[in-house]
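Inside the fold
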Amino acid sequence: MKKGKILLSFLIIFSFTLAITQSATPQVGTYTFSGAPGNQKILKVTTVNSTSLTALFGANWDDILQEFFGLGCHQLGARLKSVVVSVNTSAKFDTSTLFLALGVLDVAVYVTNSWNWTTGSFANTPDSYNQTVMSFYDPDELTAFVQAFYATWYLMSVNVSIQNAGAYFAQLPTPVPQYLGAIVWEDKWENIGNTVTHHAEVGDFLVNYLTLDFYAYLENCTETWTYDTTYGAWIGYNIKDNEGNVIYEFSIELPSGAEIAGYELLIVIGVASIGIISLIFIVMKKKR
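Note that the coordinates shown come from a computational prediction; the quantities given were computed from them, not determined experimentally. (Residues numbered from 1 in each chain as written. Predicted model: local features only at pLDDT ≥ 70, side-chain atom pairs only at ≥ 80, totals over all residues. Heavy atoms only, no water.)

Attention now goes to the packing of helix 2 (residues 50–57) against helix 3 (residues 61–69). Put simply, helix 2 and helix 3 touch, their axes get as near as 9 Å, and they point 80 degrees apart. Between helix 2 and helix 3, the interaxial angle falls into the category roughly perpendicular. Contacts between helix 2 and helix 3 involve Ser 50, Leu 53, Thr 54 and Phe 57 from the former and Trp 61, Ile 64 and Leu 65 from the latter. Here the residues of the contact of helix 2 with helix 3 are counted per class, giving five nonpolar, two polar and no charged. (Axes fitted to C-alpha atoms, helices over the stretch in contact; angles between N-to-C directions. Helix = DSSP H or I, 4+ residues; strand = E, 2+ residues; numbered from the N terminus. Parallel < 35°, antiparallel > 145°, perpendicular 65-115°, else oblique. Contact = heavy atoms within 4.5 Å. Nonpolar A, V, L, I, M, F, W, Y, C, P; charged D, E, K, R; others polar.)

Pairing is antiparallel across the open sheet formed by nine strands, whose spatial order is 5-4-3-2-12-11-10-7-6. Both edges of this open sheet fall to strand 5 (128–136) and strand 6 (189–192), since each of them pairs with a single strand only. Within this sheet the neighbouring strands show an average axis-to-axis angle of 20 degrees, counted without direction. Where strand 3 (residues 79–94) and strand 4 (residues 104–118) come together, twelve bridges link them in antiparallel fashion. Bridge assignment links Ala 91 to a residue of strand 4, and that residue is Val 107. Of the strands in this sheet, strand 2 (40–48), strand 10 (221–227), strand 11 (234–240) and strand 12 (246–252) touch helix 2, which is tilted by about 105 degrees from strand 12. Each of strand 3, strand 4 and strand 5 is contacted by helix 4 (residues 139–154), which is oriented at about 105 degrees to strand 5, the strand it contacts most. (Pairing = 2+ DSSP bridges.)

All right, on to the side chain of Ser 135 then. Note that Ser 135 resides in strand 5. A polar atom in the side chain of Ser 135 sits 2.9 Å from the backbone oxygen of Gln 171. For Ser 135, the contacting residues outside a window of four places in its chain are Phe 33, Val 107, Ala 108, Tyr 168 and Gln 171. (Polar contact = N/O pair within 3.5 Å; in protein donor to acceptor, adjacent residues only side chain to side chain.)

In total, this model carries five salt bridges according to the counting rule given. Of the charged contacts in the structure, one is a salt bridge between Asp 106 and Lys 92, with a shortest N-O distance of 2.3 Å. Within this pair, whereas Asp 106 is found in strand 4, its partner Lys 92 is found in strand 3, the two being separated by 14 residues in sequence. The class for Asp 106 is partly exposed, based on a relative accessible area of 23%. One salt bridge in this structure joins Lys 188 and Asp 204, with 3.0 Å as the shortest N-O distance. Taken together, the residues Lys 188 in the loop between helix 6 (176–181) and strand 6 and Asp 204 in the loop between strand 7 (195–200) and strand 8 (205–208) connect sequence positions 16 residues apart. Connected through shared salt-bridge partners, Lys 44, Arg 79 and Glu 253 make up one network. (Salt bridge = Lys/Arg side-chain N within 4 Å of Asp/Glu carboxyl O. Buried < 20%, exposed > 50% of the residue type's maximum accessible area, 1.4 Å probe, protein only.)

Note on placement: Tyr 31 falls in the loop between strand 1 (15–19) and strand 2. Note on Tyr 31: relative accessible area 8%, which makes it buried. Taking the C-alpha atoms as reference points, Tyr 31 and Pro 175, separated by 144 residues in sequence, lie 6.6 Å from one another. Tyr 31 has contacts with Tyr 137, Pro 139, Pro 173, Thr 174, Pro 175, Gln 178 and Tyr 179, leaving out every residue within four places of it along the chain. A polar side-chain atom of Tyr 31 sits 3.5 Å from a polar atom in the side chain of Gln 178.

Attention now moves to a nonpolar patch on the surface. A surface patch of nonpolar side chains, about 320 Å² in accessible area, is lined by Phe 205, Leu 212 and Phe 214. Tracing the chain through its elements places Phe 214 in strand 9 (residues 213–216). (Patch = residues over 30% accessible without salt bridge, like charges linked within 9 Å, V, L, I, M, F, W, Y side chains within 5 Å. Areas by Shrake-Rupley, 256 points an atom, 1.4 Å probe, with all protein chains shown as cover.)

Because an α-helix completes one turn every 3.6 residues, residues spaced three or four positions apart along the sequence face the same direction. With 16 residues, helix 4 extends 22 Å between its outermost C-alpha atoms, agreeing within 8% with the 22 Å of an ideal straight helix rising 1.5 Å per residue. Turning to helix 4, its buried residues number three or more, namely Pro 139, Leu 142, Thr 143, Phe 145, Val 146, Phe 149 and Tyr 150. Buried residues of helix 4, seen end-on, are gathered within an arc of 160 degrees and therefore sit on one face of the element. For helix 4, the N-terminal cap is Asp 138; the gap from its side-chain oxygen to the backbone nitrogen of Asp 140 is 2.8 Å. After helix 4 finishes, the residue Leu 155 shows a positive phi value of roughly 55 degrees. (Expected span 1.5 Å × (residues − 1). Arc of directions from axis to C-beta.)

Residues of helix 2 that are buried: Ser 52, Leu 53, Leu 56 and Phe 57. Around the axis of helix 2, the buried residues are gathered within 110 degrees of arc, so they sit on the same side. Immediately beyond the C-terminal end of helix 2, within one or two residues, lies Gly 58, with a positive phi of roughly 100 degrees.

Most of strand 7 sits out of view: five of its six residues are buried. Across four bridges, strand 6 lies against strand 7 in antiparallel orientation. Residue pairing in the sheet places Trp 189 in a bridge with His 198 of strand 7. From the end of strand 6 to the start of strand 7, which pair antiparallel, there are two residues, and Gly 193 there has a positive phi angle of about 60 degrees.

Laid out in structure tokens, this is it:
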């Protein structure tokens, strides 16, 4: 895979953001978003089993991971950093701009700068500026939007997955289990507590909805996204093979001795934002 294509995929498809807050203030309806500008996060790759990943995705497993998670994510010990530029927890999303009749929806918008994966030290300046991600307050509206968007623009009947709606899973509001439990998930996707799990089977495809590239799963596996229950932050991702062994994983890196549950200064908002944000830009560009 060409380096330019990987970079383009990372900059457009994936945003990793992080917010720091000491308290959460109730905002819209049932759910509460946390976040503040000027805060940072670090994710670190903790497991890479190249033999098992080859069995799962083929010889180009490293290119596939980099297309979806950014250059360097295939290296053990690689770290990624991002800093929040701004947070708007009172934003509005007018769905009529996409010719959808869902009205004006309540959303939270996060803007961040980020540093690419590296096994060395982070540079003084970020690699990417002003990446924007958006999250829905109402999980029912998230489901309705995904269904309407793909039905309108691609004549597809789908429910929610992180592959087709990852742009809206950068940061979840709390309570996380209640929010995830209210979403209508695609087949083979499920919510258990503060996690989202994908049970992939041989013959299924990992889809890049920006480029419409398809990559076959060559074995059964389980992918899991984990969220912090205190702040709704995405704090980890892993793949387990058909024997239940973790073959790839990255997670939040905290200061020595700190733990998510009681660490009130650092939270991560991360997402593999496959799909809709990028598709919106493409659709709107074509309509101009």
